[in-house]
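# Breakdown of the fold
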Amino acid sequence: VARKKENIRRQISVFFLSLVMIALLLAWYTIGIDKEIVETRARITQVKSQIALYKEKADRVTEIKKNLKILEDKLKIVSSLEEKRMEQLLLLEELSEKVVPERMWIESMKSDSVYVTLKGIAFDNPTIADFMRNLEASTLFSSIDLKRSKVQKFKEGIMLKSFELLCTKKITPQGNGDKDKKGK
């Protein structure tokens with residue numbers, strides 16, 4: 001009977017020691033998991049702060065890119081205007097050389113990318129014809145068309161010819177003619 005009691009005590013001791021051991025293992029595991037949770041939360045907080053920092057930087061980069069695009073567009077516009085200005089200067093210079101002196105004058109000029117419309121007054125039809133021949137000899141125009149010509153009465157009964165010409169510009173490769181003119 002004493003052995004039996006001793007055996008039961010041993011088994012109860014082993015049982016309670018096993019329970020204490022399992023409780024210690026569970027406590028150790030829980031503490032380890034809690035530590036990992038704390039570390040993961042700390043990393044999440046750190047990553048969120050880095051995301052906020054990089055988002056701010058990315059927003060600044062986006063704003064800079066937007067401003068850069070606006071500046072590039074403005075530079076293109078300025079470049080285009082400069083090119084058009086040079087084109088208009090060449091056009092006016094050419095027209096001043098082609099006008100028949102003291103027999104005609106230009107009242108208006110409209111220009112777009114393909115056509116130049118000239119309105120003017122001349123003494124007679126031969127003067128208009130000479131002006132058209134001069135323009136046809138020009139390097140700027142591929143064709144000259146007389147849209148209208150009519151007699152117009154001015155002060156003191158002076159009869160002059162009012163005319164309108166449509167001039168088609170020659171298509172030139174971009175840049176090669178302008179660079180030569182700008183350098184001179």
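Above this text sits the structure in question.
First, a word on what this report is: a plain description of the structure on this page. (Residues numbered from 1 in each chain as written. Predicted model: local features only at pLDDT ≥ 70, side-chain atom pairs only at ≥ 80, totals over all residues. Heavy atoms only, no water.)

### Thoughts on the overall build of the chain
Within the chain, the secondary structure is distributed over 3 helices and 4 strands. For the chain, whose C-alpha radius of gyration is 46 Å, the value lies well above the compact-globule estimate of 16 Å for 184 residues. Per-residue burial for the chain yields a buried fraction of 17% across its 184 residues. Pairs at least 24 apart in sequence give 56% of the contacts found in the chain among residues at least 6 apart. If you sum the accessible surface of the chain, you get close to 14700 Å²; carbon and sulfur atoms cover 61% of it. Taken as two groups, the 36 positive and 26 negative side-chain charges of the chain have centres that lie 14 Å from each other. (Helix = DSSP H or I, 4+ residues; strand = E, 2+ residues; numbered from the N terminus. Rg over C-alpha atoms; globule rule 2.2 N^0.38 Å. Buried < 20%, exposed > 50% of the residue type's maximum accessible area, 1.4 Å probe, protein only. Contact = heavy atoms within 4.5 Å. Areas by Shrake-Rupley, 256 points an atom, 1.4 Å probe, with all protein chains shown as cover. Lys, Arg positive; Asp, Glu negative; His and termini not counted. Charge placed at Lys NZ, Arg CZ, Asp CG, Glu CD.)

### Re the packing of aromatic side chains
One pass over the full model with this rule turns up 2 aromatic pairs. Measuring from centroid to centroid gives 5.7 Å for Phe-15 and Phe-16, while their planes differ by 65 degrees, and the two rings are edge-to-face. Classification of Phe-16 as partly exposed rests on a relative accessible area of 48%. (Phe/Tyr/Trp six-rings, centres within 6.5 Å; stacked < 30°, edge-to-face > 60°.)

### A short note on the nonpolar core
In this structure, Leu-118, Phe-131, Leu-135, Leu-165 and Cys-167 are the most contacted members of the largest nonpolar core, which totals 16 residues. The set of elements that each furnish at least two residues to this core consists of α1 (2-98), β2 (115-122), α2 (125-136), β3 (141-153) and β4 (159-169). At 4 residues, the largest contribution of residues to this core is made by α2. Once residues lying within four places of it in the same chain are set aside, the contact partners of Leu-135 are Leu-95, Lys-98, Leu-118, Phe-141, Ile-144, Leu-165 and Cys-167. (Core = buried A, V, L, I, M, F, W, Y, C linked by side-chain atoms within 4.5 Å.)

### With respect to unusual backbone geometry
A positive phi is found at Glu-102, a non-glycine position, where the angle reads about 60 degrees. Here Glu-102 is to be found in the loop between α1 and β1 (104-111). A relative accessible area of 76% places Glu-102 in the exposed class. The backbone phi angle of Glu-156 is positive, close to 60 degrees, even though this residue is not glycine.

### Some words on the pairing of β1
With 7 bridges connecting them, β1 and β2 associate as antiparallel partners. By the bridge assignment for β2, Ser-111 is matched with Val-116. Counted between consecutive antiparallel strands, the loop separating β1 from β2 contains 3 residues. (Pairing = 2+ DSSP bridges.)

### Describing α1
For α1, which comprises 97 residues, the first-to-last C-alpha distance of 139 Å matches the rise-based estimate of 144 Å (1.5 Å per residue) to within 8%. Among the residues making up α1, those that are buried are Met-86, Leu-90, Leu-91, Glu-94, Leu-95 and Lys-98. (Expected span 1.5 Å × (residues − 1).)

### Let's talk about the pairing of β4
Among the 11 residues of β4, 9 are classified as buried, and the element is accordingly described as predominantly covered. Bridge analysis of β3 against β4 gives 11 bridges, and the strand direction is antiparallel. Looking at β4, one finds that Leu-146 is bridged to Leu-165. Between β3 and β4, which pair antiparallel in sequence order, lie 5 residues; one of them, Glu-156, sits at a positive phi of approximately 60 degrees.

### A short note on a nonpolar patch on the surface
A contiguous nonpolar surface patch, about 860 Å² in accessible area, is contributed by Val-20, Met-21, Leu-24, Leu-25, Trp-28, Tyr-29, Ile-33 and Ile-37. For Tyr-29, a relative accessible area of 52% corresponds to the exposed category. (Patch = residues over 30% accessible without salt bridge, like charges linked within 9 Å, V, L, I, M, F, W, Y side chains within 5 Å. Salt bridge = Lys/Arg side-chain N within 4 Å of Asp/Glu carboxyl O.)

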